[in-house]
Amino acid sequence: MTGDPTHGPADETASTGTPQAAGESRPGAPSGGGAAGAQDTEGHRASAGLTVGGRVVVRYRLEGAGASATDFLGELVARNDDFLVVDTRSERVKLIRADVIAAKDVPPPASRPGRAHERVSADDLEKLMAGGWQALDRGGLGDWVLRASEGFTGRANSALVVGDPSLPLDKAIDFVERWYAERGLPPMFQVHGQPGFEISSDPTAAVLLDRGYTPGGGRPQWERVLVMTGLSAAVAPLTQESVPVTADAELQLEWLMAYGEQRSIVPGATEAVLTGSEGQLFLSVRDPGSRRITALARMAIHPGWAGVFGLWVHPDHRHEGLGSTLVSAVAMVARENNMPAIYLQVSADNAEGVAFWEGLGFTVHHEYTYLVRPVS
Ligand SMILES: CC(C)(COP(=O)(O)OP(=O)(O)OC[C@H]1O[C@@H](n2cnc3c(N)ncnc32)[C@H](O)[C@@H]1OP(=O)(O)O)[C@@H](O)C(=O)NCCC(=O)NCCS
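This text gives an overview of the structure that appears in the document. (Residues numbered from 1 in each chain as written. Predicted model: local features only at pLDDT ≥ 70, side-chain atom pairs only at ≥ 80, totals over all residues. Heavy atoms only, no water.)

1. What to know about the overall build of the protein
Step number 1: Each helix and strand in the protein was counted, giving 9 helices and 17 strands.
Step number 2: Counting all 376 residues of the protein, 46% fall into the buried class.
Step number 3: Looking at the protein alone, contacts between residues at least 24 apart form 70% of all its contacts between residues at least 6 apart.
Step number 4: Of the roughly 17,000 Å² of accessible surface on the protein, a fraction of 50% belongs to carbon and sulfur atoms. (Helix = DSSP H or I, 4+ residues; strand = E, 2+ residues; numbered from the N terminus. Buried < 20%, exposed > 50% of the residue type's maximum accessible area, 1.4 Å probe, protein only. Contact = heavy atoms within 4.5 Å. Areas by Shrake-Rupley, 256 points an atom, 1.4 Å probe, with all protein chains shown as cover.)

2. Observations concerning the site of the ligand
Step number 1: Around the ligand sit 16 residues, and of these Val313, His319, Gly321, Ser324 and Asn350 come closest.
Step number 2: A distance of 2.6 Å separates an oxygen atom of the ligand from a polar atom in the side chain of asparagine 350.
Step number 3: For the ligand, whose accessible area on its own is 930 Å², the fraction buried by protein is 63%.
Step number 4: Residue assignment for the shell around the ligand shows that the elements contributing at least two residues are β15 (305-313), α8 (322-336), β16 (341-347) and α9 (351-359).
Step number 5: Looking at side-chain class alone, the shell around the ligand contains 7 nonpolar, 6 polar and 3 charged residues. (Near = heavy atom within 4 Å. Polar contact = N/O pair within 3.5 Å; in protein donor to acceptor, adjacent residues only side chain to side chain. Nonpolar A, V, L, I, M, F, W, Y, C, P; charged D, E, K, R; others polar.)

3. Focus: the environment of arginine 92
Step number 1: Along the chain, the position of arginine 92 falls in strand β4 (residues 92-96).
Step number 2: When the C-alpha positions of arginine 92 and glycine 74 are compared, they lie 9.0 Å apart, and in sequence the two are 18 residues distant.
Step number 3: A polar side-chain atom of arginine 92 sits 2.7 Å from a polar atom in the side chain of aspartate 87.

4. Examining the sheet that holds β4
Adjacent strands of a sheet form backbone hydrogen bonds with each other and so pair up, either parallel or antiparallel.
Step number 1: Across the sheet, 5 strands lie side by side as β4-β3-β2-β1-β5; this open sheet has antiparallel pairing. The open sheet has two edge strands, β4 and β5 (100-105), and neither has a second partner. Averaged over all pairs of adjacent strands, the angle between strand axes in this sheet comes to 40°, irrespective of strand direction.
Step number 2: Bridge analysis of strand β1 (residues 55-61) against β5 gives 5 bridges, and the strand direction is antiparallel. Along β5, the bridge assignment pairs valine 58 with alanine 103. (Pairing = 2+ DSSP bridges. Axes fitted to C-alpha atoms, helices over the stretch in contact; angles between N-to-C directions.)

5. Overview of the pattern of salt bridges
Step number 1: In this structure the tally under the stated criterion is 15 salt bridges.
Step number 2: Residue arginine 61 is joined to aspartate 99 by a salt bridge in which the shortest nitrogen-to-oxygen separation is 3.6 Å. Residue arginine 61 is found in strand β1, and its partner aspartate 99 is found in the loop between β4 and β5; the two are separated by 38 residues along the sequence.
Step number 3: Under the relative-accessibility criterion, arginine 61 is labelled partly exposed at 33%.
Step number 4: On the accessibility criterion, aspartate 99 (1% relative accessible area) is buried. (Salt bridge = Lys/Arg side-chain N within 4 Å of Asp/Glu carboxyl O.)

6. Focus on unusual backbone geometry
Step number 1: Not every positive phi belongs to a glycine, and glutamate 150 is a case in point at roughly 55°.
Step number 2: Note on placement: glutamate 150 falls in the loop between β7 (144-148) and β8 (159-160).

7. A look at the packing of helix α3 (residues 169-182) against helix α4 (residues 203-210)
Step number 1: The contact between α3 and α4 brings their axes to 10 Å, and the two run at 65°. Classified by the interaxial angle, the pair formed by α3 and α4 is roughly perpendicular. You can see that α3 and α4 cross each other, and the crossing is right-handed. Residues Leu169, Asp170 and Ile173 of α3 touch α4, and the partners they reach there are Pro203, Thr204, Val207 and Leu208.
Step number 2: Classifying every residue of the contact of α3 with α4 by side-chain character gives 5 nonpolar, 1 polar and 1 charged. (Parallel < 35°, antiparallel > 145°, perpendicular 65-115°, else oblique. Left-handed = near helix turned anticlockwise from the far one by under 90°.)

8. Some thoughts on the packing of aromatic side chains
Step number 1: Inspection of every chain in the model, using the stated rule, returns 14 aromatic pairs.
Step number 2: Between the aromatic rings of tryptophan 255 and tyrosine 259, the centroid separation amounts to 5.4 Å while the plane-to-plane angle is 15°, which identifies the pairing as stacked. Of this pair, tryptophan 255 and tyrosine 259 both sit in helix α6 (residues 253-260), separated by 4 residues, roughly a single helical turn.
Step number 3: A centroid spacing of 5.8 Å and a plane angle of 85° characterise the contact between phenylalanine 309 and tyrosine 343, whose relative ring orientation is edge-to-face. Highlighted residues: phenylalanine 309 in strand β15 and tyrosine 343 in strand β16, separated in sequence by 34 residues. Both residues of the pair, phenylalanine 309 and tyrosine 343, count as buried.
Step number 4: Within the aromatic cluster, the residues linked to one another by ring pairs are Trp133, Phe152, Trp305, Phe309 and Tyr343. (Phe/Tyr/Trp six-rings, centres within 6.5 Å; stacked < 30°, edge-to-face > 60°.)

9. Section: the nonpolar core
Step number 1: Core analysis: the largest hydrophobic core is formed by 33 residues, its most contacted members being Leu125, Trp133, Trp255, Leu274 and Tyr343.
Step number 2: Taken together, the elements giving at least two residues each to this core come down to α2 (122-132), β11 (225-231), α6, α7 (269-274), β14 (293-302), β15, β16 and β17 (363-372).
Step number 3: Sorting elements by how many residues they give to this core places α6 first, with 4 residues.
Step number 4: Residue assignment places this core across two domains, with domain 2 (122-223) and domain 3 (230-363) each supplying three or more.
Step number 5: If near-sequence neighbours (up to four positions away) are discounted, tryptophan 255 is found in contact with Leu274, Phe282, Leu283, Ser284, Ile293, Leu296, Ala297 and Arg298.
Step number 6: Of all hydrophobic cores here, the second largest spans 30 residues; its members include Leu283, Val285, Val313 and Ala331. (Core = buried A, V, L, I, M, F, W, Y, C linked by side-chain atoms within 4.5 Å. Domains from an automatic or database assignment.)

Structure below.
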């Protein structure tokens, strides 16, 4: 296989804002006399690649007797030229970038027993996956993530219901409805639960159902989506007999055209979403004669995780092993880059797709539905 995973340029702004002002505390005293004006320190470089909205660990210089450095582990909620703001388990800290010694993105925490692909919580996996399919326009409401991308895909045009929206539910839903109205889009909510969960048992879904929202909004593929996960080590390796797979860090026009053969694309928005993650690879298999792309997939790259999006094999070439070969290629890149776990999303409505992933040893981690308000 050709190609390597790459990471895009760092995002210097917070991807989400919250309506409530959270308190900030400043741990320790800076040793470097403040950061204003000094924007090219080692600390700036060390913290440039961190993902805003992701989980990070930051080794930080302290002044005074005793410890000379300490580590902060938590969600990076904001970054600017001078500061990082990190929500640790106990407090929100504001760190001077010039005093950062080292920093890196880390996978979400283990919150239940199991193997690497099982022990993450559904909320944490949802937040991670949102970074694998970044919406063009993002907003925040407490922990909820509001996403808009000119209507291209449900994932990139729905409010991700995770954690606490920081407002009473009715007000939070009003806020989201206004946010989408301002963008000329119908409001849509992505609500998740255990496999087979009763949608009305989710408190947010219950309010939405009362307001006339329906699961899927008439699209069977949106009624129930399975989030499946597996171990990269458990996927069969590529062999000498495997068809050649190309992996490109850049989105090529041919790949986009083949992708557009099977689904409607929104020029501009589609390219932006496909290339919008911190790291992604575009994989393809070509017909040896015509050199046309016959199978493709997009791989999203996260700390500890790989994501598979848009896996597709041309109908004339199904059951030839191309789909499995692409997954083997994803797993190979994942293994080589310290990503033990792989996720994907597949509609429960897509029996062949679900069976394909089950055949490769993937299991359902959780499920979600899109709650859509009928057009009046
Ligand atoms: C799902 C999908 C990607 C599978 O791709 P594929 O290339 O047909 O998959 P494979 O050929 O690797 O495997 C499919 C089956 O063919 C079998 N197979 C593999 N090589 C084969 C060969 N040379 N001859 C006959 N059968 C073969 C596999 O064992 C597998 O059988 P199983 O389902 O009974 O276990 C394809 O059907 C597709 O593009 N569907 C539409 C998009 C989609 O649903 N994507 C997945 C959602 S994320």
